[in-house]
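Residue-level structure breakdown
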Amino acid sequence: MTEQHRYLPTTEQDRKEMLETIGVSSIKDLFSDIPESTRATKNKAIELEEALSEQALTTYMKQLAGKNTTTDTHAYFLGAGVYDHYVPSIVNHVLLRSEFMTAYTPYQPEASQGELQALFEFQSMMCELTGMDVANSSLYDGFTSLGEACNLATSVTKKQQVLYSKGMHPQAKEVLKTYAYGMEYQVSEAPLENQVTDLNWLKENINEETAAVIIQYPNFFGNVEDLRAVKDLLADSKALLIVMANPLALALLESPGKLGADIVVGDTQPIGLPMSYGGPHCGYFAVRKQYMRKVPSRIVGQTVDSDGKRGFVMTLQTREQHIRREKATSNMSSNQALTALGTSVFLAAVGKQGLQDMAQQSVNHAHYVKHKLAEKGVTVLSNDSVFHEFVVQLSKPVSEVNDRLLEKGFVGGYDVSKEWGADNATLICVTEKRTIEEMNSFVEALAEEENR
Amino acid sequence: MTVTYDHLLFEISKKGRRAYSLPESSVEKTELASVLPSHLLREEPAELPELSELQVMRHYTGLSNKNFGIETGFYPLGSCTMKYNPKINEDIARYSGFANIHPLQPEKSAQGALQLMHQLENSLKEVTGMDAISLQPAAGAQGEWAGLLIFKAYHEANGEGDQRRKILVPDSAHGTNPASAVVAGYDVVEIKSNEDGRVGVDALKAAVGPDTAGLMLTNPNTLGLFEVDIVEIAEIVHEAGGLLYYDGANANAILGKSTPGEMGFDVVHLNLHKTFSTPHGGGGPGSGPIGVKAYLTDFMPSPRIEKDGDYYKLTDNHPQSIGRVKGYYGNFGVNVRAYSYIRTMGAEGLQQVSEDAVLHANYLRARLSPYYDTPFSSHCKHEFVLSGNRQKKLGVRTADIAKRLLDYGFYSPTVYFPLIVDEALMIEPTETEAKETLDAFADALIEIAKDAETNPELVTGAPHTKAVKRLDEVTAARKPIVIYQKAHDNS
């Protein structure tokens, strides 16, 4: 290189001294074991754009970022699994502390106590919310957590049939099918009846081959499912009840644990994480105690040091791939530790009351917009038992309406025509962040579209 | 004794405190009790902590002071590539146009994001020598799993799905390799390394057959050694009808020097949190894009990004695709950082990265080999493995050496891995460390080797300077306490 790069401290003089100690004359000697035929030579050398200075880089990246519509430019009425919620500024400040951000998996617990304790607190708070006994320290996202839950269920029950509700997120279904393709079990969809999972269908279809029943809570369309009624259907079955829950909703809804869930999974994006075009978010995974030794990925446990002082370590590691290899309960290695920390800081900041307030305000706003739309003559398909999302039927294609909403400063709902089974159906979400002005003008704009 | 912060969130909580202010709202309350059956409403609120904003900050600052990151000091964790994580990339990932966009917002309102992803894919094609990239996998292990599902779909498409049920994995492989094969539905066959620490061509020939779905390989391998017979290995596997999977955990050694594509691999993953400098976050989030040769493109995860003139779009009409492996489009925020890094380095810079990474590893190896057993004689690539066997005879284990290094202000290397080396210490210095740091680290390990002879208790009793002493991991596993237990006298 002609110029010393700011990330590379090694000088020509350093190189000379190091080569001497190694006992070779040039750097080429250290690459001589790469077979000639596989070398990146002149004609097949990698080609990338010229390196940019810091200033040129930020100019360029700002230009790319500037092409995107954001929550700073538009009011979002889009949810469908990823939500525009308030995140206190301190969350980001904690995540930027390099002691957390630039560490890796805490293989040496004595030098990683801070992160281990923070993850222990994360596990504790996720158990509080879900009503479960044991939570791990995160997985990639809510959908992969669901896939891991089904792998666990088929493994402990030794049964090969998984029933999932039609009221699941469409991408959750897709990821689930990929997991099932890997581990070679079958999945079938339970239909909806009156906007929630059809209990009669479940009753008829749960049998001795059923490994698990999966319910989303609230479901994809916003309706709150009766988990207890589902659990009752499993009374004579070995099948596990897997619940995929929005953790924010658990501030107000009864915990899945209390209603009989065996595994609770989901994504903590609504509680403390930026939408970030779909990732990195953070999957959580919580179980009843009897499945503790089957849980995928890292679990932090409390212990003592040689002086008897409290400390934290990664525990039950014999479940994991780096110890058990092909006998591990999952292949998970890197998880989402930093985003789990983000959720922890968020929960510490909003606390017991704040989480309830935020959930309640979202509910208030969604129901307000829902009623206002109905008043304006817009066809609302959802009934009243929704949390902060509901389905509306438009008189023209959703994408067409969304395009015009975009021009008016709104990001409209998610097209669920296929999932709901009705033309021009859109899923609208309203969070605590939407101001009364935004809500009223959104209602106006949508009503105007309908009356065009 | 140093006083360190020692409280759990729950222990400093007091009813009525708060560290938040919600947006104002004049909207009337909707009573969920009026629209839902009462048993679906929470009876007891979740016991979350109640703290002021300063208390929260002081808590996490207290914890961060008990945590070691790359900016704290040298972090030579083998196979993890703990290089500097550029600060500017943190700024960029937080631009509103990247952080505050919704994955399902209209395509035309996210063109900048899609363009970035498309350009990152193109860059990774160059670096890997592959024909198509998917950014969807969230980390290396997920990339492995997705890649093996592509193997599976490919063999099925050829009518050989039932026949090819075995994945070959060298005994030096990362633990994720065999574990990923199992969750992709495969049986694992372990290939023994030869005395040079590499895949033995004869052992491989004996193992392949009509039941072979493929071979997973890291190159350079986990011993830091380049698989010099790679061309022949690829031929043997392909000849038998199998495919080759490249575990990219060690790609930091070969940037601009070789590509998995040239080596004959059919599917690869890269760990963007390793080679491409994105922060490891204490265990994630990572990003594990996969790349495939052209004839496997149809099996890639869906959706994919396509460029149509100047317009970028997502397509999901891929009937042979293995499907979706993760929500949305992968860990986008991580990919933004990795792309920023690639644009900062350029091709020449990336080649310099590998040259310096390999130089640093060989330099440390040369300095340490008089004091520790070096099981393999050849030069290494970006990492190398020492054995603590000599010290073990003196009653000092590799675990002790690792803990003693913490007292010197270093993190420990990866220990007891790869499994084929007794008392292994796997050291990866990376290119971003200065020679002075490498020398200080070598001096420390040499001193520890001497102490093992003259003052072994100093080593076996380590660490002496951390917030806690040696932790009891056995009891932690036997009597697991995995969530906060409220002290009885407090309740």
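Remember, predicted model here, so these are calculated numbers, not experimental data. Every chain begins its residue count from 1, and numbering advances along the sequence as written. Chains and ligands are labelled by the order in which they are written, letters from A for the one and numbers from 1 for the other. Given that this is a predicted model, residues contribute local features only at a pLDDT of at least 70 and side-chain atom pairs are listed and counted only at 80 or more, while totals for whole chains, interfaces and linings are drawn from all residues.

Next up on the list: the overall build of chain B. Only runs of H or I of at least four residues qualify as helices and only runs of E of at least two qualify as strands under DSSP, and these elements are numbered from the N terminus. Within chain B, the secondary structure is distributed over 15 helices and twelve strands. The C-alpha atoms of chain B give a radius of gyration of 25 Å, which matches the 23 Å a tight globule of 491 residues would have. Dimensions of chain B, computed from the C-alpha atoms along their principal axes, are close to 75 × 70 × 45 Å. Two residues qualify as being in contact provided that their C-beta atoms, derived from the backbone, are within 7 Å of each other. At a minimum sequence separation of 6, the contacts of chain B that also span at least 24 residues come to 72%. This radius of gyration counts C-alpha atoms alone. The globule rule is 2.2 Å times how many residues there are, raised to the power 0.38.

Right, let's get into the overall build of chain A. Across its full length, chain A holds 14 helices and 17 strands. Along the longest, intermediate and shortest principal axes, the C-alpha atoms of chain A span 80 × 55 × 50 Å. For chain A, the proportion of contacts with a sequence separation of at least 24, taken over those separated by at least 6, is 71%.

Turning to the domain arrangement of chain B, a few remarks are in order. Residues and elements named next belong to chain B. In this document the domain limits rely on a domain assignment from an automatic tool or a database. Looking at the assigned domains, one finds that chain B contains domain 1 (89-344) and domain 2 (353-476). Spacing between the C-alpha centres of domain 1 and domain 2 amounts to 31 Å. Counting residues at the interface gives 18 residues for domain 1 and 17 residues for domain 2.

Another aspect to go through is the interface of chain B and chain A. Counting residues at the interface gives 172 residues for chain B, matched by 174 residues for chain A. If one sorts the elements of the side of chain B that touches chain A by residue count, helix α10 (residues 332-368) of chain B sits on top with 21 residues. Gly is placed with the polar residues, together with every amino acid not listed as nonpolar (Ala, Val, Leu, Ile, Met, Phe, Trp, Tyr, Cys and Pro) or charged (Asp, Glu, Lys and Arg). Broken down by class, the residue content of the side of chain B that touches chain A amounts to 89 nonpolar, 53 polar and 30 charged.

Residue and element names in this part refer to chain A. Position of D357 among the secondary structure elements: in helix α11 (residues 337-375). Since 17 C-beta atoms lie within 10 Å of it, D357 is described here as partly exposed. D357 sits 204 residues away from A153 along the chain, and the two C-alpha atoms are 35 Å apart. Burial in this document is a count-based property: other C-beta atoms within 10 Å of a residue's C-beta are tallied, and the residue is buried at 20 or more, exposed at 12 or fewer, or partly exposed in between, with C-beta positions derived from the backbone.

On to the sheet that holds strand β7 (residues 210-217) of chain A. Within a sheet, neighbouring strands are paired by backbone hydrogen bonds and run either parallel or antiparallel to one another. Residue and element names in this part refer to chain A. Read across the sheet, seven strands follow the order β2-β10-β9-β8-β7-β3-β4 without closing on themselves; strand pairing throughout is mixed. The open sheet has two edge strands with one neighbour each: β2 (134-135) and β4 (186-190). Here, a strand pair is defined by DSSP locating no fewer than two bridges between the strands. Note that β2 and strand β10 (residues 283-287) share two bridges and pair antiparallel. Bridge assignment links A135 to a residue of β10, and that residue is A286. Against the sheet, helix α6 (residues 142-157) engages β3 (161-165), β7, β8 (240-245), β9 (263-267) and β10, with an angle of about 160° to β9. Lying on the sheet, helix α7 (residues 170-183) is in contact with β3, β4 and β8; it crosses β4 at an angle near 155°. Helix axes use the C-alpha atoms of the stretch in contact, all axes being lines fitted to C-alpha atoms, and the angles between their N-to-C directions lie in the range 0 to 180 degrees.

Of note, the bond from Y217 of chain A into P218 of chain A is cis; its omega dihedral lies within 30 degrees of zero at -15°. Relative to the helices and strands, P218 of chain A resides in the loop between β7 and α9 (227-233). The amide bond that connects A462 of chain B to the next residue, P463 of chain B, takes the cis arrangement and shows omega of 0°. As for its position among the elements, P463 of chain B is in the loop between α14 (456-460) and α15 (473-478).

With that settled, consider the sheet that holds strand β14 (residues 389-393) of chain A. Residue and element names in this part refer to chain A. Spatially, β13-β14-β17-β16 is the arrangement adopted by the four strands of the open sheet, whose pairing is antiparallel. Each edge of the sheet is formed by a strand with only one pairing partner; in this case those strands are β13 (379-380) and β16 (414-415). Pairing of β14 with strand β17 (residues 425-429) involves five bridges; the strand directions are antiparallel. Within the sheet, the bridge partner assigned to V392 lies in β17 and is T426. Where α11 meets the sheet, its contacts fall on β13, β14 and β17, and the angle it forms with β14 comes to roughly 15°.

One face of the sheet, then the other: side chains in a regular strand alternate in exactly this way. All names here are of chain A. The buried fraction of β9 amounts to five of the five residues, a majority that puts the element mostly inside the structure. Across three bridges, the pairing between β8 and β9 is parallel. Its bridge partner lying in β9, M244 is registered against V265.

So, on to α7 of chain A. The terminal C-alpha atoms of α7 of chain A, which comprises 14 residues, lie 20 Å apart, in line with the 20 Å expected from a rise of 1.5 Å per residue. The buried count for α7 of chain A comes to ten of 14 residues, which makes it a mostly enclosed element. Residues Q171, A172, K173, E174, V175, L176, T178, Y179, A180 and G182 of chain A constitute the buried set of α7 of chain A. Each element contacted by the buried residues of α7 of chain A is listed here: α6, β3, β4 and β8 of chain A together with α5 (140-157) and α6 (176-183) of chain B. The positive-phi residue at the C-terminal boundary of α7 of chain A is E184 of chain A, with phi of around 65°. One less than the number of residues in a helix, times 1.5 Å, gives the span that helix is expected to have.

Right, let's get into the environment of P480 of chain B. Tracing the chain through its elements places P480 of chain B in the segment after α15. The exposure class of P480 of chain B is partly exposed, given the 18 C-beta atoms found within 10 Å. In contact with P480 of chain B, other than residues within four places in its own chain, are M292, G301, T315 and L316 of chain A.

Residues and elements named next belong to chain A. Counting buried residues in β7 gives eight out of eight residues, a clear majority hidden from the surface. Bridging between β3 and β7 involves four bridges; their strand directions are parallel. When the bridges of β7 are listed, L163 appears paired with V213. In the sheet, β7 pairs with β8 via six bridges, with the strands oriented parallel. Opposite A212, over in β8, you have L240 as the bridge partner. Read as a crossover between parallel neighbours, the route from β7 over α9 to β8 is right-handed. The handedness of a crossover follows from its direction of travel: if, with the strands pointing away from the viewer, the path from the first strand over the helix to the second runs clockwise, the crossover is right-handed.

Because the α-helix completes a turn every 3.6 residues, residues three or four places apart line up on one side. All names here are of chain A. Compared with the 57 Å implied by 1.5 Å per residue over 39 residues, the 46 Å span of α11 between its first and last C-alpha is markedly short. Taken across its 39 residues, α11 has 32 buried, putting it largely inside the fold. Immediately downstream of α11, the backbone of G377 shows phi near 90°, a positive value.

Mapped onto the elements, V94 of chain A comes out in helix α3 (residues 89-95). The contact partners of V94 of chain A, leaving out residues within four places of it in the chain, are L341 and V345 of chain A together with Y60 of chain B.

Before going further, it helps to spend a moment on the domain arrangement of chain A. Residue and element names in this part refer to chain A. Domain annotation for chain A reports domain 1 (75-86 + 351-451) and domain 2 (89-346). With centres defined by C-alpha atoms, the gap from domain 1 to domain 2 works out at 28 Å. With 22 residues of domain 1 in contact, the opposing surface of domain 2 contributes 17 residues. Residue assignment for the side of domain 1 that touches domain 2 shows that the elements contributing at least two residues are α11, β14 and α13 (417-421). For the side of domain 1 that touches domain 2, the element with the highest residue contribution is α11, accounting for five residues. The residue inventory of the side of domain 1 that touches domain 2, partitioned by class, reads eleven nonpolar, eight polar and three charged.

This part is about the nonpolar core. Among buried residues, those of type Ala, Val, Leu, Ile, Met, Phe, Trp, Tyr and Cys that are joined through C-beta atoms within 7 Å form a set called a nonpolar core. Ranked by size, the top nonpolar core spans 301 residues in total, and within it I242 of chain A together with I150 of chain B carry the most contacts. Setting aside chain neighbours within four positions, we find I150 of chain B in contact with V267, V292, L296, F299 and I322 of chain B.

Where helix α1 (residues 12-22) of chain A contacts α10 of chain B, the axes come no closer than 8 Å and their chain directions differ by 45°. Comparing their axes, α10 of chain B and α1 of chain A come out oblique. Between α1 of chain A and α10 of chain B lies a crossing of left-handed hand. Between α1 of chain A and α10 of chain B, the contacting residues are R15, M18, T21 and I22 of chain A on the first element and L359, N362, Y363, A366 and R367 of chain B on the second. Among the residues making up the contact of α1 of chain A with α10 of chain B, the classes are represented as five nonpolar, two polar and two charged. Here the word oblique covers every angle except those under 35 degrees (roughly parallel), over 145 (roughly antiparallel) and from 65 to 115 (roughly perpendicular). Left-handed describes a crossing whose near helix is turned anticlockwise from the far helix by less than a right angle; the clockwise case is right-handed.

Right, let's talk about the confidence of the model for chain B for a bit. Overall, the predicted model of chain B reaches an average pLDDT of 96, with 98% of residues at or above 70. Across the predicted assembly, pTM comes out at 0.98 and ipTM at 0.97. pLDDT gives the predictor's per-residue confidence on a scale running from 0 to 100.

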